[in-house]
Amino acid sequence: MNTLVIEGGRRLEGTVEISGAKNSAVALIPATILADGPVTIDNLPEISDVGILAELLRDIGGGVSLGDDTLAVDPREMFAMPLPNGRVKQLRASYYFMGAMLGKFGKAVIGLPGGCDLGPRPIDQHIKGFEAMGAKVTNEHGAMYLQADELTGAKIYLDVASVGATINIMLAASKAKGQTTIENAAKEPEIIDVATLLNSMGAKIKGAGTNEIRIEGREVLSGCRHSIIPDRIEAGTYMIAGAAAGGRVKVDNVIPLHLEALSSKLREMGVTVTEYDDAVVVEKNNALSPVDIKTLVHPGFPTDLQQPATALLTQASGPSMVTDTVYGARFKHIDELRRMGAKIKVDGRTAMINGASTLQGVAVRATDLRAGAALVVAGLIAEGKTIIHDTYHIDRGYMYMEEKLRKLGAFVWREETEAQSEQTEATDRKS
Ligand code: EPU
């Protein structure tokens with residue numbers, strides 16, 4: 001079993017290069033299904049979710065060549081193979097095969113997606129969109145069956161500004177007859193990235209990044225080449241790590257505008273954040289002030305940085321509150337942080353953190369991707385050795401994390417261990 005071990009207490013100094021955005025990549029890969037010619041995606045992060053999605057493209061007959069940071073897909077021999085089980089259950093983003101296969105083939109059978117356990121994660125808005133375009137959607141034995149003789153453009157109002165629903169509807173609508181309008185669309189940068197790819201294929205999408213997106217469907221979409229935007233969540237995680245561990249960290253290859261909500265919170269805490277064209281520098285030399293954080297849809301504070309930010313707030317001198325309005329139950333990391341000595345209470349959607357606490361290195365478990373990132377931040381500042389189990393969660397979203405941290409001066413390495421953590425064993429026995 002693979003663990004990540006961190007010997008805490010080292011300041012971080014140097015430059016970290018940010019990879020392509022995970023949450024773009026996992027939508028762009030299924031989007032290649034829609035093309036009628038080869039598509040190449042550059043700046044691809046080397047993370048396990050990408051590998052699984054590439055395998056799924058192979059499963060449905062795609063020609064797939066996965067290089068160091070490039071994916072070349074030839075979709076011309078793809079067919080509407082049902083995917084009710086197996087790999088689709090390993091990650092959330094397999095739901096994008098619904099929109100892409102429905103658009104391309106007029107039908108799809110996709111197992112209900114897996115992914116991080118953040119409490120309830122319904123896909124009713126995706127389905128509402130597909131149905132509005134004329135698809136019949138049923139749930140049979142844990143798989144979604146989608147079928148449309150013809151997809152037609154429709155006006156769709158999303159009850160929640162969902163990233164996944166916005167992208168999935170864009171995918172299907174790119175091949176629908178006529179115009180589709182998504183109102184109350186999500187505005188995350190990854191949505192703009194997917195629209196850019198689809199437009200490069202010849203789709204006509206306007207308004208991505210605003211709350212109203214208009215999509216003119218096309219019968220044929222061509223091949224193209226596309227480079228993924230930088231991962232704002234990976235970047236934010238290293239900014240938080242730098243602020244927690246102290247020192248000076250340059251986070252390179254980013255779009256600073258995408259990091260505004262975090263940069264302003266860090267400044268409120270007393271951290272110096274300097275923005276350049278495609279980099280931000282984080283310097284922490286003084287004590288951290290407590291702040292309150294409320295997660296919101298973009299451009300608000302991202303829920304994906306809530307967990308690492310909570311770890312940072314254990315070091316602020318006084319009480320802070322973190323409220324997650326997007327995923328009200330995204331607090332599995334709190335028990336692990338408490339194990340390390342953090343003083344945190346959770347009441348509903350809010351965590352109350354009483355800083356500053358001296359954290360101690362112990363064996364902990366990454367319960368989900370960003371919980372893993374929170375434990376890495378905590379491990380960097382803890383006294384002694386933190387051993388993080390279930391690192392496969394971290395590998396789903398962070399490329400070469402220990403190498404990148406080592407380059408910044410952290411003492412961090414992987415260890416293979418025979419025994420599982422006591423907690424992991426207990427959980428496994430329950431499931
Ligand atoms: N929601 C519904 N109905 C729907 C869809 C969503 O009620 O049909 C609710 C969700 O339950 C949640 C809120 O709407 O409360 C937002 O969910 P959204 O659909 O926006 O999330 P998602 O598309 O499933 C993506 C990212 C998440 C990120 C969220 C929010 C991917 C693959 N995942 O999920 O990323 O937290 O948007 O920004 O893009 C992560 O990277 O760690 C991660 C979990």
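Residues numbered from 1 in each chain as written. Predicted model: local features only at pLDDT ≥ 70, side-chain atom pairs only at ≥ 80, totals over all residues. Heavy atoms only, no water.

**Observations concerning the overall build of the chain**
Across its full length, the chain holds 14 helices and 23 strands. The C-alpha atoms of the chain give a radius of gyration of 21 Å, which matches the 22 Å a tight globule of 431 residues would have. Counting only C-alpha atoms and orienting by the principal axes, one finds that the chain spans roughly 60 × 45 × 40 Å. A burial count over the chain gives 58% of its 431 residues as buried. When the 46 basic and 54 acidic side-chain charges of the chain are each reduced to a single mean position, those positions are 3 Å apart. (Helix = DSSP H or I, 4+ residues; strand = E, 2+ residues; numbered from the N terminus. Rg over C-alpha atoms; globule rule 2.2 N^0.38 Å. Buried < 20%, exposed > 50% of the residue type's maximum accessible area, 1.4 Å probe, protein only. Lys, Arg positive; Asp, Glu negative; His and termini not counted. Charge placed at Lys NZ, Arg CZ, Asp CG, Glu CD.)

**Considerations on the packing of helix α7 (residues 232-245) against helix α9 (residues 306-313)**
Relative orientation of the contacting elements α7 and α9 amounts to 5°, with a least axis distance of 10 Å. Considering their axes alone, α7 and α9 lie roughly parallel with respect to each other. Facing α7, whose interface residues are T237, I240, A243 and A244, α9 presents P308, A309 and L312. Its residues assigned to classes, the contact of α7 with α9 shows 6 nonpolar, 1 polar and no charged. (Axes fitted to C-alpha atoms, helices over the stretch in contact; angles between N-to-C directions. Parallel < 35°, antiparallel > 145°, perpendicular 65-115°, else oblique. Contact = heavy atoms within 4.5 Å. Nonpolar A, V, L, I, M, F, W, Y, C, P; charged D, E, K, R; others polar.)

**Description of the nonpolar core**
Counting 77 residues, the largest nonpolar core has F97, F130, M133, M170, L171 and L198 as the members making the most contacts within it. Residue contributions to this core peak at 7 residues, all from helix α5 (residues 163-173). Setting aside its immediate chain neighbours within four residues, F130 contacts M98, G99, L102, A135, V137, L146, N168 and A172. Counting 66 residues, the second-largest nonpolar core is a separate cluster that includes I334, A342, I344 and L369. (Core = buried A, V, L, I, M, F, W, Y, C linked by side-chain atoms within 4.5 Å.)

**Considering the domain arrangement of the chain**
Frequently, the measure chosen for interface size is the accessible area removed from exposure when the parts meet. Per the domain assignment, the segments of the chain are domain 1 (2-19 + 230-421) and domain 2 (22-227). Look at where the C-alpha atoms of domain 1 and domain 2 centre, and you get two points 30 Å apart. Facing the 21 residues of domain 1 at the interface are 20 residues of domain 2. Where domain 1 abuts domain 2, roughly 1900 Å² becomes buried across the two surfaces, and 50% of that area is made up of carbon and sulfur atoms. The largest contributions to the domain 1 side of the interface with domain 2 come from H298, Y327 and R396, which together make up 33% of the buried area. Put simply, domain 1 and domain 2 have 2 salt bridges between them. A salt bridge links R232 to E190, with the nearest nitrogen and oxygen atoms 2.8 Å apart. Counting across the interface, domain 1 meets domain 2 through 7 residue pairs in polar contact (both at pLDDT 80 or more). Residues of the side of domain 1 that touches domain 2, tallied by class, amount to 7 nonpolar, 5 polar and 9 charged. (Domains from an automatic or database assignment. Buried area = accessible area lost by both parts, 1.4 Å probe. Salt bridge = Lys/Arg side-chain N within 4 Å of Asp/Glu carboxyl O. Polar contact = N/O pair within 3.5 Å; in protein donor to acceptor, adjacent residues only side chain to side chain.)

**As for the sheet that holds strand β13 (residues 224-227)**
Taken together, 4 strands build an open sheet; the order of strands is β4-β5-β3-β13 and the sheet is mixed. Edge strands, defined here as strands with exactly one partner in the open sheet, are β4 (63-66) and β13. This sheet shows a mean twist of 10° between the axes of neighbouring strands, independent of strand direction. Docked against the sheet, helix α6 (residues 189-200) engages β3 (39-42) and β13, running at close to 160° with respect to β13. (Pairing = 2+ DSSP bridges.)

**Details of the sheet that holds strand β14 (residues 247-252)**
The mixed open sheet is built from 4 strands, whose spatial order is β2-β14-β16-β15. The two strands at the open ends of the sheet, each matched to only one other strand, are β2 (12-17) and β15 (272-275). When the angles between neighbouring strand axes are averaged without regard to direction, this sheet yields 10°. As paired strands, β2 and β14 are joined by 6 bridges and run parallel to one another. Among the inter-strand pairings, T15 is bridged to a residue of β14, identified as K250.

**A few points about the packing of aromatic side chains**
Per the counting criterion, the structure on display carries 1 aromatic pair. Positioned above the aromatic ring of F411, the side-chain terminus of R10 is 4.1 Å from the ring centre. (Phe/Tyr/Trp six-rings, centres within 6.5 Å; stacked < 30°, edge-to-face > 60°. Lys NZ or Arg CZ within 6 Å of the ring centre and 35° of its normal.)

**Some points on the pairing of β15**
Direction of pairing for β15 relative to strand β16 (residues 279-284): antiparallel, over a ladder of 4 bridges. Note that in β16 the partner of V273 across the bridge is V282. Between β15 and the antiparallel strand that follows it, β16, lie 3 residues.

**Thoughts on the pattern of salt bridges**
Enumeration according to the criterion identifies 22 salt bridges in this entry. Between R267 and E275 there is a salt bridge, with its nearest N and O atoms 3.4 Å apart. One continuous salt-bridge network, built from bridges that share partners, spans E55, R58, D59 and R87.

**Let's talk about α7**
The terminal C-alpha atoms of α7, which comprises 14 residues, lie 20 Å apart, in line with the 20 Å expected from a rise of 1.5 Å per residue. Across the 14 residues that make up α7, a large majority, 14, are buried. The backbone nitrogen of I233 lies 2.9 Å from a side-chain oxygen of the residue at the head of α7, namely D231. (Expected span 1.5 Å × (residues − 1).)

**Notes on helix α2 (residues 48-59)**
Under the 1.5 Å per step criterion, the end-to-end length of α2 is 17 Å for 12 residues, consistent within 8% with the ideal 16 Å. Listed as buried for α2 are D49, V50, I52, L53, A54, L56 and L57. Check the buried side of α2 and you find it contacts α1 (22-31), β4, β5 (71-74) and α3 (96-105). Just downstream of α2, G61 is the residue with a positive phi angle, here 100°.

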